[in-house]
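# Summary of the model geometry
Residue-level listing of the chains:
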Amino acid sequence: MGILSQLSFVVTLAFCAPLILLGAQFALAGDALALLFLGLAALVLGVERFVTTPDDVAVGAAERLIGTVAKDPEDD
């Protein structure tokens, strides 16, 4: 995973954190509604990680460009 992909995942995780916390609270209370919130958070994280979007194509192109321009000194 490149830097931009990791940053995108962290932002998605930050948006899913309230769903995870709410699901955990419902789970500790014994409410079956917890499965809905935890499942929704897992779905959002899974889609962000495994589904290719137009933004992913742009990020991949930017990472390849950065990798081409900024080569490691060991490669020379």
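Residues numbered from 1 in each chain as written. Predicted model: local features only at pLDDT ≥ 70, side-chain atom pairs only at ≥ 80, totals over all residues. Heavy atoms only, no water.

As a further point, take the packing of aromatic side chains. Scanning the model with the defined rule gives one aromatic pair in all. Taken together, a centroid distance of 5.5 Å and an interplanar angle of 5° make the contact between Phe26 and Phe37 stacked. One end of the pair, Phe26, is in helix 1 (residues 3–29); the other, Phe37, is in helix 2 (residues 34–50), with 11 residues separating them in the sequence. Residue class for Phe26 comes out partly exposed when judged on its relative accessible area of 24%. Residue Phe37 is classed as buried on the basis of its relative accessible area, which comes to 17%. Its guanidinium or amino end placed over the ring of Phe50, Arg49 lies 6.0 Å from that ring's centre, counting from NZ or CZ. (Phe/Tyr/Trp six-rings, centres within 6.5 Å; stacked < 30°, edge-to-face > 60°. Helix = DSSP H or I, 4+ residues; strand = E, 2+ residues; numbered from the N terminus. Buried < 20%, exposed > 50% of the residue type's maximum accessible area, 1.4 Å probe, protein only. Lys NZ or Arg CZ within 6 Å of the ring centre and 35° of its normal.)

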